[in-house]
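Each chain, written out:
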Amino acid sequence: MRAWGWILYGVLAAIGLAGFILRFATGHQLAGYGSYVPWGLWVAAYIYFIGLSAGAFLLSALVYVFGVRKLEPIAPLALVVALASLLMALITIWFDLGHLERFYYVYLRPNFRSMMAWMVWLYTAYGLLLLSELYFALRRHLPRYADRRGVTGFLARLLTRGRKTPFTEEEIHRDEGILRVLGTIGVPLAIAFHGGVGALFGTVVAQDLWHSPIYPILFLTGALLSGGALMTAVYVFFWPRKDERWREISLLLGRVVLGLILFDLLLEWAEYSIPMWYGVGPEFKALWNTLFGPFWYVYWVFHILLGVVVPVLLLLALGLRGRIGAIGLASFLVAVTFLAIRLNLVIPSLVHPKLEGLVHAYHDHRLTFVYFPTWFEWSVVVFSVVLGFTLTYVLVRILPVIEGRLLKEVA
Amino acid sequence: MSELESRRAFLEKVASTVFAGMVLGGQPVKAGAEPLKVELPPRPPDGPILPELEYEDVLVRMQRDLERALNKGTIPKWVMVIDTRKCVGCHACTVSCAVENKLPPGVVYRPVIEEQIGKYPEVSWRFLPRPCMQCDNPPCVPVCPVGATWKRADGIVEIDYDACIGCRYCLVSCPYQARTFDFGENWTQDTPGQGHMPYEELPTFEWGEVHVRKEAVIPHSPVGNARKCSFCLHRIEHGLLPQCVTTCIGRATFFGDASDPESLVFQLIHQPNAMRLKEELGTEPRVYYLV
């Protein structure tokens, strides 16, 4: 099983690396999007990853801010996953830029009327906040590793300035206080940046489907659901000690995931049913195309069947009755198929022509309203996923993320 | 079919009336007399309708308007007017624009939308050239994260190709889809010849700047940028009309200063048949259509 995992990792890493090299060698030429559908898989993947990050972070906030002690063991891991997902999101959207080398212009000459400028600034603040939260969550364990050789020992000495005496109760209490403050700043920050991503789409008056006040809310619920489901799956499958406490936490997380699936479905019902009710107009056409157009399976198979029906059945029939593996599987399905929801947020509005007949005005493969991600685009997304996984894995290997210890010690 | 028949019947009636008039009315026709002089009414392209009016090509008039606007000392208000009744769908404007700005494949500033009305045989076509609308409330401007695009005092929405990061948020935000992204493709790409054609290596003078595009790991702008119609700002600055205006074979495109009541465009946009696209969005386009 373990060997197969590494083989899979190797294959994905090779694909990702190929995508990475191609992106630099050929720019955007191998991508399937054009000028009438200017955003594609990378933007969808980016809002997917950033949602995972916000969701995982808000889960950690349950512990650090709202004092849900029961979830305490997974809080540092949630921070690590949030950090890795943030990196995945930023690298994906960085690849999407036409001029990679000019990304820092957003810092040098920001236009704060643009939701995109806000987003970048808020991410930066959020990234720094994640790093400092991780520092204050983990540094109490570090003196134990000060004598070690290798990266762990080096980091332990560096981050505690060579301290070898363990942290006192008082100091740990103070760190908890700092964590509460940081988390309290982090919660509105996470809501702002992810709601902001929703607003980035929602404010665009030219896109009939996006221009809806429900978008920021939809993005936030999606973040909670996808990030929560990812954390649940990671916890159920990869937590080294599968004891009674693990069962309890898994059951709690399973119930949270079930509730969020249903709540997200409710919002989606609002999103679809209101504009479709009259059965006319551009929103209706675009939504109809999402449901019954050429890519109907993205909605019905990947989202409804594998992302809602199967997970809900798994949770109700098995998971919440004590089969913890089913909770993990259901959560894994929700987390992975959430990309389908993100794709259906980004693409359907773009493939709907804004001026009838424009497509026949000038013929070019970049000037069509048909979009399907190319292999190249998928491979670049795979690169981001491999990078995020690697970062998470390395961090749990070299830092005492799990129950204050390294992965090797707990396993 | 019935329409055709009635048309024939109508023509027959008219013709017989005319011939009857020729025979019955006027002087009796004598053999050997001088042939009857029929004075035809003058037709517009051949000469003035009224003898005291000089016929003048609208391009000459607009050229004069343009010079006046550039010399008057205040900032002009540039507008474009497109007479859809005169557009024949020849795409000369699209092509001349691509030549003027050396546009690569996939980048187009002024496509002409063709719309078929009805079905064969009861069918007609209508054409709608679509330059950048240079909106007074441009949705593409506030979304730019780095402020690389802005509304100029003369009304033109400008892009700084050296600041644009290529995020394409402005493409997504334009209700007229008037912006296109330069993917770095070339006309000679995937063709048997070697290297680029000379026209692919010429600089563009858009926005009054010199840019030579080139695809590379760090592409040379405007590759990797959002691009769009500039109303040929670089030509205006030198006293020339936009390329699409001068090349319109039907004289269907007009350009000038809307703050000058003497200008042709001022008079055209104050007609009741002047319309703008997607008025309901409040973008206040600077391109008017005569319908």
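Predicted model only: the values in this text are computed from it and were never measured.

Caption draft 1: Looking closely at the overall build of chain B. A tally of helices and strands in chain B yields seven helices and ten strands. When burial is assessed residue by residue, chain B has 49% of its 291 residues classed as buried. By sequence separation, contacts in chain B at least 24 residues apart represent 63% of the contacts at least 6 residues apart. Surface exposure of chain B reaches about 15500 Å², of which carbon and sulfur atoms provide 60%.

Caption draft 2: Just the overall build of chain A, in detail. Of regular secondary structure, chain A possesses 14 helices and zero strands. Reading chain A from its N terminus to its C terminus gives the helix and strand order α-α-α-α-α-α-α-α-α-α-α-α-α-α. For 411 residues, the compact-globule formula gives about 22 Å, and the C-alpha radius of gyration of chain A, at 22 Å, lands near that figure. With respect to the three principal axes, the spread of C-alpha positions in chain A is 75 × 50 × 45 Å. By the burial criterion, 57% of the 411 residues in chain A qualify as buried.

Caption draft 3: Spatial organisation of the pairing of strand 2 (residues 112-119) of chain B. Residues and elements named next belong to chain B. Two strands pair when backbone bridges link them, and strand 2 and strand 3 (residues 122-129) are joined in this way by eight bridges, in the antiparallel orientation. Paired with valine 112 across the two strands is proline 129, which belongs to strand 3. The turn joining strand 2 and strand 3, which pair antiparallel and follow one another in sequence, is formed by two residues.

Caption draft 4: Up close: the packing of helix 11 (residues 296-317) of chain A against helix 12 (residues 324-350) of chain A. Residue and element names in this part refer to chain A. Where helix 11 contacts helix 12, the two axes come as close as 8 Å, and the packing angle between them is 155°. On the basis of their axis angle, the class for helix 11 and helix 12 is roughly antiparallel. Crossing hand, helix 11 versus helix 12: left-handed. Along its contact with helix 11, which presents Val298, Tyr299, Phe302, His303, Leu306, Gly307, Val310, Pro311, Leu314 and Leu315, the element helix 12 presents Ala326, Ile327, Leu329, Ala330, Leu333, Val334, Thr337, Ala340, Ile341 and Asn344.

Caption draft 5: A look at the interface of chain A and chain B. Between chain A and chain B, the contact holds 47 residues from the first and 55 residues from the second. Across the chain A to chain B interface the summed buried area is about 4200 Å²; carbon plus sulfur atoms make up 58%. Considering only the side of chain A, the residues that lose the most area to chain B are Gln29, Leu355 and Tyr362 of chain A, jointly responsible for 15% of the buried surface there. Across the chain A-chain B interface, the total number found is two salt bridges. Between arginine 366 of chain A and glutamate 185 of chain B there is a salt bridge, with the nearest N and O atoms lying 3.0 Å from each other. At the junction of chain A and chain B, the tally comes to 27 residue pairs in polar contact (both at pLDDT 80 or more). For the side of chain A that touches chain B, the secondary-structure elements that each account for two or more residues are helix 1 (2-26), helix 4 (105-108) and helix 5 (115-138) of chain A. Among the elements that line the side of chain A that touches chain B, the one with the most residues is helix 5 of chain A, at three residues. Tallied by class, the residues present in the side of chain A that touches chain B amount to 24 nonpolar, 14 polar and nine charged.

Caption draft 6: Up close: the side chain of serine 331 of chain A. All names here are of chain A. Along the polypeptide, serine 331 turns up in helix 12. For serine 331, a relative accessible area of 0% gives the class buried. Of the polar contacts made by the side chain of serine 331, one reaches the backbone oxygen of isoleucine 327; its length is 2.8 Å. Setting aside residues up to four positions removed in sequence, serine 331 forms contacts with Ala229, Thr232, Ala233 and Val257.

Caption draft 7: Molecular detail of the confidence of the model for chain B. Looking at chain B, pLDDT values average 88 and 82% of them are 70 or higher. Within the model, the stretch residues 21-26 of chain B combines pLDDT values under 50 with one contact to residues more than four positions away or in other chains.

Caption draft 8: Broad picture of helix 12 of chain A. All names here are of chain A. Compared with an ideal rise of 1.5 Å per residue, which puts 27 residues at 39 Å, helix 12 spans 41 Å between its outermost C-alpha atoms and is within 8% of the ideal. The axis of helix 12 is deflected most strongly, by about 30°, at threonine 337. The element helix 12 is largely enclosed, with a buried count of 23 among its 27 residues.

Caption draft 9: Here's a closer look at the nonpolar core. The biggest cluster of nonpolar side chains holds 152 residues, and the ones touching the most others in it are Trp39, Phe57, Val197, Phe201, Trp210 and Val346 of chain A. Ranked by residues supplied to this core, first place goes to helix 2 (residues 41-64) of chain A with 19 residues. If near-sequence neighbours (up to four positions away) are discounted, valine 197 of chain A is found in contact with Tyr46, Ile47, Ile50, Met119, Tyr123 and Phe219 of chain A. In this structure, Leu355 and Phe369 of chain A together with Leu103 and Tyr289 of chain B belong to the second largest nonpolar core, which totals 59 residues.

Caption draft 10: Representation of the packing of aromatic side chains within the structure. Residues and elements named next belong to chain A. Per the counting criterion, the structure on display carries 48 aromatic pairs over all chains. Centroid distance tyrosine 33 to tryptophan 42: 5.9 Å. Interplanar angle 70°. Geometry classified as edge-to-face. When sorted by exposure, tyrosine 33 lands in the same class as tryptophan 42, which is buried. Residues phenylalanine 57 and tyrosine 126 carry aromatic rings whose centres are separated by 5.4 Å and whose planes lie at 80° to one another, so their mutual orientation is edge-to-face. Residue phenylalanine 57 is located in helix 2, and its partner tyrosine 126 is located in helix 5; the two are separated by 69 residues in the primary sequence. Both residues of the pair, phenylalanine 57 and tyrosine 126, belong to the buried class.

Caption draft 11: Region of the structure containing the sheet that holds strand 1 (residues 78-83) of chain B. Residue and element names in this part refer to chain B. In spatial order, the strands read 8-1-10-9; together these four strands make up an open sheet with mixed pairing. Here the strands that pair on one side only, and so sit at the sheet edges, are strand 8 (253-257) and strand 9 (274-275). With five bridges joining them, strand 1 and strand 8 adopt antiparallel strand pairing. If you follow isoleucine 82 over to strand 8, its bridge partner there is threonine 253. Most of the contacts of helix 2 (residues 58-71) go to strand 8, to which it runs at about 20°, and overall it touches strand 1 and strand 8.

Caption draft 12: Here's a closer look at a nonpolar patch on the surface. Residue and element names in this part refer to chain A. On the surface, Phe103, Tyr104, Tyr107, Leu108, Phe112, Trp118 and Trp121 cluster together to form a nonpolar patch covering roughly 720 Å² of accessible area. For the nonpolar patch, the elements supplying multiple residues, two or more each, are helix 4 and helix 5. For tryptophan 121, the location among the structural elements is in helix 5. When its relative accessible area of 35% is taken as the criterion, tryptophan 121 is described as partly exposed.

Caption draft 13: Layout of the pattern of salt bridges. Residue and element names in this part refer to chain B. For the structure on display, the rule yields 30 salt bridges over all chains. Among the salt bridges present, the one from aspartate 65 reaches arginine 68, with a minimum N-O distance of 3.0 Å. Here aspartate 65 pairs with arginine 68, and both are found in helix 2, just three residues apart, close to one helical turn. Judged by its relative accessible area of 3%, aspartate 65 falls in the buried class.

Caption draft 14: Seen up close, the pairing of strand 1 of chain B. For strand 1 of chain B, the tally of buried residues reaches six of six residues, placing the bulk of the element in the interior. Both faces of strand 1 of chain B are covered, namely the face carrying Trp78, Met80 and Ile82 of chain B and the face carrying Val79, Val81 and Asp83 of chain B.

About the cut-offs
Residues numbered from 1 in each chain as written. Chains lettered and ligands numbered in written order. Predicted model: local features only at pLDDT ≥ 70, side-chain atom pairs only at ≥ 80, totals over all residues. Heavy atoms only, no water. Helix = DSSP H or I, 4+ residues; strand = E, 2+ residues; numbered from the N terminus. Buried < 20%, exposed > 50% of the residue type's maximum accessible area, 1.4 Å probe, protein only. Contact = heavy atoms within 4.5 Å. Areas by Shrake-Rupley, 256 points an atom, 1.4 Å probe, with all protein chains shown as cover. Rg over C-alpha atoms; globule rule 2.2 N^0.38 Å. Pairing = 2+ DSSP bridges. Axes fitted to C-alpha atoms, helices over the stretch in contact; angles between N-to-C directions. Parallel < 35°, antiparallel > 145°, perpendicular 65-115°, else oblique. Left-handed = near helix turned anticlockwise from the far one by under 90°. Buried area = accessible area lost by both parts, 1.4 Å probe. Salt bridge = Lys/Arg side-chain N within 4 Å of Asp/Glu carboxyl O. Polar contact = N/O pair within 3.5 Å; in protein donor to acceptor, adjacent residues only side chain to side chain. Nonpolar A, V, L, I, M, F, W, Y, C, P; charged D, E, K, R; others polar. pLDDT = per-residue confidence, 0-100. Expected span 1.5 Å × (residues − 1). Bend = angle between axes of the 7 residues up to and from the residue. Core = buried A, V, L, I, M, F, W, Y, C linked by side-chain atoms within 4.5 Å. Phe/Tyr/Trp six-rings, centres within 6.5 Å; stacked < 30°, edge-to-face > 60°. Patch = residues over 30% accessible without salt bridge, like charges linked within 9 Å, V, L, I, M, F, W, Y side chains within 5 Å.

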